Amino acid sequence: EVMNSLMDFVIVGGGPTGVELAGALTELKKNVFTKDYKELDMREMDIHLVEASPRLLNGMSEQASQKALDFLNEMGVKVHLNTAVKSYDGYEVNLSSGEKLISRTLIWAAGIKGNPISGLKPEVVTRGNRLLVDEFNRVKGYDNIFAIGDVALMEGDERFPKGHPQMAPPAQQQGRLVAKNIRNLMKGSAPRPFRYFDKGSMATVGRNKAVVDMGRIRFQGFFAWYVWMFVHLMAIVGWKNRVFTFFSWMWSYLTYDRSNRLIIGRNEEKFSPEETKPH
Ligand SMILES: Cc1cc2nc3c(=O)[nH]c(=O)nc-3n(C[C@H](O)[C@H](O)[C@H](O)COP(=O)(O)OP(=O)(O)OC[C@H]3O[C@@H](n4cnc5c(N)ncnc54)[C@H](O)[C@@H]3O)c2cc1C
């Protein structure tokens, strides 16, 4: 139990962050930890992914969710769907299913919260501290306060009844439009309402394994993984950085290795069961 508590990981939240992290940890376990920690039996290391809803990648198509689940199952990740984390004391993770997991490492990937500022009317601060805005990103009830990106909750887009996804593209698009609108308002012209241009969503689960939804076009696996890499490579600022990143990825792909290392002592510290439990 002591060894398992140190080796097992529990990731909470089966969105893109949780899914990608579970996949990346599994690849580290398989390709890196086995070489670096020869004294450990890596078969003992379990990676749990806990998701409260019935499926992974809720913002994506059913097809992408199912394929991501298949990929993770194939890779040996223990996926717990329809299961919420009830409590964690630094050692025991209690799940809504009644199951108990033991781990010193729980990674929260179940959403973010805004950082509220004082002085705003309480009714504009909604779930997750997102601020209710109109179609011009003006905080409801104010003419001269704007909120954009993750912190803005815009109602009225029938495609996104719970607000736009908390991702980079809505933040970038709103940023550009609000800048133009403020200029328009200063010139006395009418502002333009925001309409989100959804370029699609993608998530990478592991080597040669990704899922892509682009409108009605959906694909998974090897080709999706290449598309994911290309899109993310092009999103990096500057050609020099893109080229360096490309070679770094190629190196990792061909060598199955990571260049970063955390240097720790081997077998020098022995933990007693009491020492590993939280105090
Ligand atoms: C782990 C992870 C992975 C992600 N991966 C992707 C991805 O692959 N693709 C994608 O599209 N999106 C991804 N996202 C989401 C994406 O990062 C966000 O949607 C995007 O950064 C939102 O931009 P923003 O400007 O609204 O907020 P942020 O980027 O969060 O910027 C807000 C900034 O405001 C600062 N701040 C907060 N309060 C104050 C204050 N009171 N005073 C001054 N400064 C303050 C914060 O420190 C922060 O720097 C990911 C998010 C996470 C957490």
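The shown structure was predicted, so the numbers you read here are calculated from the model rather than taken from an experiment. (Residues numbered from 1 in each chain as written. Predicted model: local features only at pLDDT ≥ 70, side-chain atom pairs only at ≥ 80, totals over all residues. Heavy atoms only, no water.)

Draft legend 1. Looking closely at the site of the ligand. Every residue lining the ligand is accounted for by Thr17, Asn115, Ile148, Gly149, Asp150, Gln166, Met167, Ala168, Pro169 and Ala171. Here an oxygen atom of the ligand and a backbone polar atom of Gln166 are 3.2 Å apart. Among the elements that take part in the shell around the ligand, helix 4 (residues 168-187) stands out by supplying three residues, more than any other. When its residues are assigned to classes, the shell around the ligand shows five nonpolar, four polar and one charged. (Near = heavy atom within 4 Å. Polar contact = N/O pair within 3.5 Å; in protein donor to acceptor, adjacent residues only side chain to side chain. Helix = DSSP H or I, 4+ residues; strand = E, 2+ residues; numbered from the N terminus. Nonpolar A, V, L, I, M, F, W, Y, C, P; charged D, E, K, R; others polar.)

Draft legend 2. Spatial organisation of the environment of Asp198. Relative to the elements of secondary structure, Asp198 occurs in the loop between helix 4 and strand 10 (201-206). Asp198 sits 28 residues away from Pro170 along the chain, and the two C-alpha atoms are 8.2 Å apart. Every residue in contact with Asp198, bar those within four places of it in the chain, is listed here: Arg159 and Phe160. A polar contact of 3.0 Å, which involves the side chain of Asp198, links it to the backbone nitrogen of Gly200. (Contact = heavy atoms within 4.5 Å.)

Draft legend 3. Structural view of unusual backbone geometry. With phi around 60°, Asn129 is a residue other than glycine that occupies positive phi space. The residue Asn137 is not glycine, and still its phi comes out positive at about 65°. Along the polypeptide, Asn137 turns up in the loop between strand 8 (131-133) and strand 9 (152-154). When its relative accessible area of 0% is taken as the criterion, Asn137 is described as buried. (Buried < 20%, exposed > 50% of the residue type's maximum accessible area, 1.4 Å probe, protein only.)

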